[in-house]
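What follows is the residue order along each chain.
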Number of protein chains: 2
Amino acid sequence: MFVSVEHSISQLARLAGISSRTLRHYHDIGLLVPSRISSSGYRWYGRRQLLRLQRILLLRELDVPLSQMREILDGQTDELTALRRHRGELVGERDRLQQVIDTVERTIATLCGDSTVSDEEFFAGLAVGRSRLREDLADRYGAAAREHFVAAGEATAGWGRQDYQRAAAEGRHLLDEMSRARALGIAPDATEALDLVTRHHAQVLAVWPADAAAYHALGDLLLDNPDQRAMIAQVDPDLPPWLSAAIKAYAVHRLGHQPT
Amino acid sequence: MFVSVEHSISQLARLAGISSRTLRHYHDIGLLVPSRISSSGYRWYGRRQLLRLQRILLLRELDVPLSQMREILDGQTDELTALRRHRGELVGERDRLQQVIDTVERTIATLCGDSTVSDEEFFAGLAVGRSRLREDLADRYGAAAREHFVAAGEATAGWGRQDYQRAAAEGRHLLDEMSRARALGIAPDATEALDLVTRHHAQVLAVWPADAAAYHALGDLLLDNPDQRAMIAQVDPDLPPWLSAAIKAYAVHRLGHQPT
DNA sequence: GCTAGAAGTTGACGTAACGAGAAGGTCCAG
DNA sequence: CTGGACCTTCTCGTTACGTCAACTTCTAGC
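**Comments concerning the overall build of chain A**
- The secondary structure content of chain A amounts to twelve helices and three strands.
- Expressed as a percentage of the 260 residues in chain A, the buried residues total 44%.
- In chain A, once contacts between residues fewer than 6 apart in sequence are set aside, the share between residues at least 24 apart is 61%.
- Only carbon and sulfur atoms are counted for the fraction: they give 52% of the accessible area of chain A, which is about 13,000 Å².

Written as structure tokens, this is what we have:
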């Protein structure tokens, strides 16, 4: 006795371990057309279809999109070439995921690593750092800068320890990206650099309503203030001058600052 | 002069390096609501919104889905816990991708690696293997088995070399998975094993219309035929008895075969 | 022949995270 | 007062199906 070589839709689905809805979908998009359709509209699949479905499922397991499968299966594209290209895409995606994982791990470390410092010390350190920065600004750019920092105090009033740590994590993440850009030889006034500074500017704006001149001044301050400079140099020793130049370029080109 | 602390939708978009459509989307789903909406319907965003957007974009860079962001940002879920769980998901996905890459690479190797063998040798080898298998079957199960293999010849008539190689690749891929299952201690008659055999059965059905008894017989044959056994043992030395048992269990439990 | 239940059919909507475009209202400078 | 930049809502499209809903067909039992 021979087994029937024709399968109904759910028989084929069971054989292949997929749903009949999937088979209907493949029919809809023309990827797998039944060998025969009965007068009542039932779909029937033969051995050729089973073979094709096997190839489809193999490709599906390889994460090949259905649109590409049609090209491959209909022979318009060489299977080997397609698989090689596809492999490249997969590797790229895997590497991207790895970068994301690294970033997440650094973020986690930042959020929970410094927990050995007590809350008092933590906030005291912040306050000292901030007041020093304020004095620096006041010395150099007059009382107006002092007012700016009053506003900064207001912006972060009510922040909890987590908020500061998160802000630090985000800042470090951005510095990482800038370091990569600098290492790639991107100039501080190149478009890519200014796009990164855009995000730095946004972070500064969130805590301090700096106008073009004040932001430009920040570019100098980062180099001259030892605390600030050390913090940045910790990420990348060559970053401070690059970032300083990038910030000043941004203030001029994107904020319309007129240097005196 | 203070910079305005309020931003229009496209100003904020530029600051953050995203599209205004994205901001509208975040508003629609309640992830980032503007601080103020003017009488003409314009959206206006304040510093708090800028801060929240920064957290959103950080999470977005970490591939966190928007639905989870709401939980995290609204404090229903601990940020650290969420990030740790998310890290686990990312690692899982990366590992899955790595497995897919491995499979693709093996498939490529199979498809192009044996090209040193000439076409004549390739098909001659196949013919020998097939005729031996046929004699084995005929010896043991009578002339009916011979007829089955005539049908098998018809099914593969017109196949090209690529078709055979692809079939081999698929078969090896399936054997890989079965080997993993066996190594995990899954019994040959467990549901997971039978589900894998379902796919083996489908592959066999594609080239050979075997009924329950014939498929059951194949289970024995895999063990006794040295060529077949060697091919399977090459993937995993312990696989032949496991696969043989699994095939027979499948024939009995899923195909309703009655052993005599 | 009738009927219940299994299995089939065609829509149509929902998913995630927006992009693209249409049609129309608002704002500001010259 | 008018042109152009900017804003609005609405809708469709994207991927690979899951999930109803409403209806028809097949098959087995009485």
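Now that the structure is up, let's keep going.
**Section: the packing of aromatic side chains**
Residue and element names in this part refer to chain A.
- Applying the stated rule across the entire model yields two aromatic pairs over all chains.
- Taken together, a centroid distance of 5.8 Å and an interplanar angle of 75 degrees make the contact between Y215 and Y250 edge-to-face. Note that Y215 is positioned in helix α10 (residues 212-224) and Y250 in helix α12 (residues 239-253), a separation of 35 residues in sequence. Y250 matches Y215 in its accessibility class, with the two residues each being buried.

**With respect to the interface of chain B and chain A**
- In this complex, chain B contributes 58 residues to the contact, which on the side of chain A involves 57 residues.
- Put simply, chain B and chain A have zero salt bridges between them.
- At the boundary of chain B and chain A, one finds two residue pairs in polar contact (both at pLDDT 80 or more).
- Elements with a minimum of two residues in the side of chain B that touches chain A: α1 (9-16), α3 (47-61), α5 (79-113), α7 (143-156), α8 (161-183) and α9 (191-207) of chain B.
- Counting residues per element, the side of chain B that touches chain A draws most heavily on α5(B), at 21 residues.
- Its residues assigned to classes, the side of chain B that touches chain A shows 29 nonpolar, eleven polar and 18 charged.

**Observations concerning the protein's contact with DNA strand C**
- Taken together, 18 residues sit near DNA strand C, with A:S10, A:R24, A:R43, B:S19 and B:Y26 positioned nearest.
- The separation between a phosphate oxygen of DNA strand C and a polar side-chain atom of A:R43 is 2.7 Å.
- In this structure, a phosphate oxygen belonging to DNA strand C sits 3.1 Å away from a side-chain N or O atom of B:R60.
- Breaking the surface near DNA strand C down by element, the ones donating at least two residues are α1 (9-16) and α2 (20-28) of chain A together with α2 (20-28) of chain B.
- Residues of the surface near DNA strand C, tallied by class, amount to six nonpolar, seven polar and five charged.

**Things to note about the sheet that holds strand β2 (residues 36-37) of chain B**
All names here are of chain B.
- Spatially, β1-β3-β2 is the arrangement adopted by the three strands of the open sheet, whose pairing is antiparallel. Each edge of the open sheet carries a strand with a single partner, namely β1 (7-8) and β2.
- Two strands pair when backbone bridges link them, and β1 and strand β3 (residues 43-45) are joined in this way by two bridges, in the antiparallel orientation. Among the inter-strand pairings, S8 is bridged to a residue of β3, identified as W44.

**Considering the environment of A:G46**
Residues and elements named next belong to chain A.
- With respect to the helices and strands, the residue G46 is situated in the loop between β3 (43-45) and α3 (47-61).
- For G46, a relative accessible area of 10% translates into the label buried.
- Placed twelve residues apart in sequence, G46 and P34 show a C-alpha to C-alpha distance of 7.5 Å.
- Here G46 is in contact with V5 and S35, once residues within four sequence places are set aside.

**What to know about the relation of the copies chain B and chain A**
- Rotating chain B by 180 degrees about the axis while translating it 0.0 Å along that axis superimposes it on chain A, leaving an RMSD of 0.3 Å. Accordingly, the operation relating the two chain copies is best matched by a two-fold axis. Considering only C-alpha atoms, the residue of chain B closest to the rotation axis is B:R94, which sits at 2.7 Å.
- The overlap is high: 98% of the interface residues of chain B also sit at the interface in chain A, so the same surface is used on both sides.

**Overview of the protein's contact with DNA strand D**
- The environment of DNA strand D is made up of 17 residues, and the closest members are A:S19, A:Y26, B:S10, B:R24 and B:R43.
- Counting only atoms of DNA strand D within 4 Å of the protein, the sugar-phosphate share comes to 76%.
- In the environment of DNA strand D, a phosphate oxygen lies 3.1 Å from a nitrogen or oxygen atom belonging to the side chain of A:R60.
- The separation between a phosphate oxygen of DNA strand D and a polar side-chain atom of B:R24 is 2.9 Å.
- Counting residues per element, the ones that place at least two in the surface near DNA strand D are α2 of chain A together with α1 of chain B.
- Of the residues forming the surface near DNA strand D, the biggest block, four residues, is contributed by α2(A).
- Taken together, the residues of the surface near DNA strand D break down into six nonpolar, seven polar and four charged.

Rules and cut-offs
- Every chain begins its residue count from 1, and numbering advances along the sequence as written.
- A letter from A marks each chain and a number from 1 marks each ligand, given out in the order of writing.
- In view of the model being predicted, local features appear only for residues whose pLDDT reaches at least 70, and side-chain atom pairs are presented and counted only at 80 or more, with totals across whole chains, interfaces and linings using the full set of residues.
- Hydrogen atoms and water are omitted, and side-chain values are computed over all heavy atoms in the structure.
- Helix and strand labels come from DSSP, where a helix needs a run of H or I of at least four residues and a strand needs a run of E of at least two; each type is numbered from the N terminus.
- Think of it in three bands: residues with accessible area under 20% of the maximum for their type are buried, residues over 50% are exposed, and the middle band is partly exposed, with areas taken using a 1.4 Å probe on protein chains only.
- Here, residues are in contact when the closest pair of their heavy atoms is within 4.5 Å.
- Here, Shrake-Rupley sampling with a 1.4 Å probe gives the accessible areas, and only protein chains in the shown set may cover a residue.
- Between the rings of Phe, Tyr and Trp (Trp by its six-membered ring), a pair exists once the centres lie within 6.5 Å; its type follows the angle of the planes, with under 30 degrees stacked, over 60 edge-to-face, and the other angles tilted.
- For this document, the term salt bridge refers to a Lys or Arg side-chain nitrogen within 4 Å of an Asp or Glu carboxyl oxygen.
- Residues adjacent in sequence count toward polar contacts only when both atoms are side-chain atoms; beyond that, a polar contact is any pair of N or O atoms within 3.5 Å, and within protein one must be able to donate a hydrogen and the other to accept it.
- Throughout, the ten residues Ala, Val, Leu, Ile, Met, Phe, Trp, Tyr, Cys and Pro are labelled nonpolar, Asp, Glu, Lys and Arg are labelled charged, and all others, Gly among them, are labelled polar.
- Here a residue is near a molecule or strand as soon as one of its heavy atoms is found within 4 Å of it.
- Two strands are said to pair when DSSP picks up at least two bridges between them.
- To line up the copies, we fit them by least squares on C-alpha atoms, keeping just the residues with pLDDT of at least 70 in both.

Spatial relationships are all this shows, so hold off on functional conclusions.
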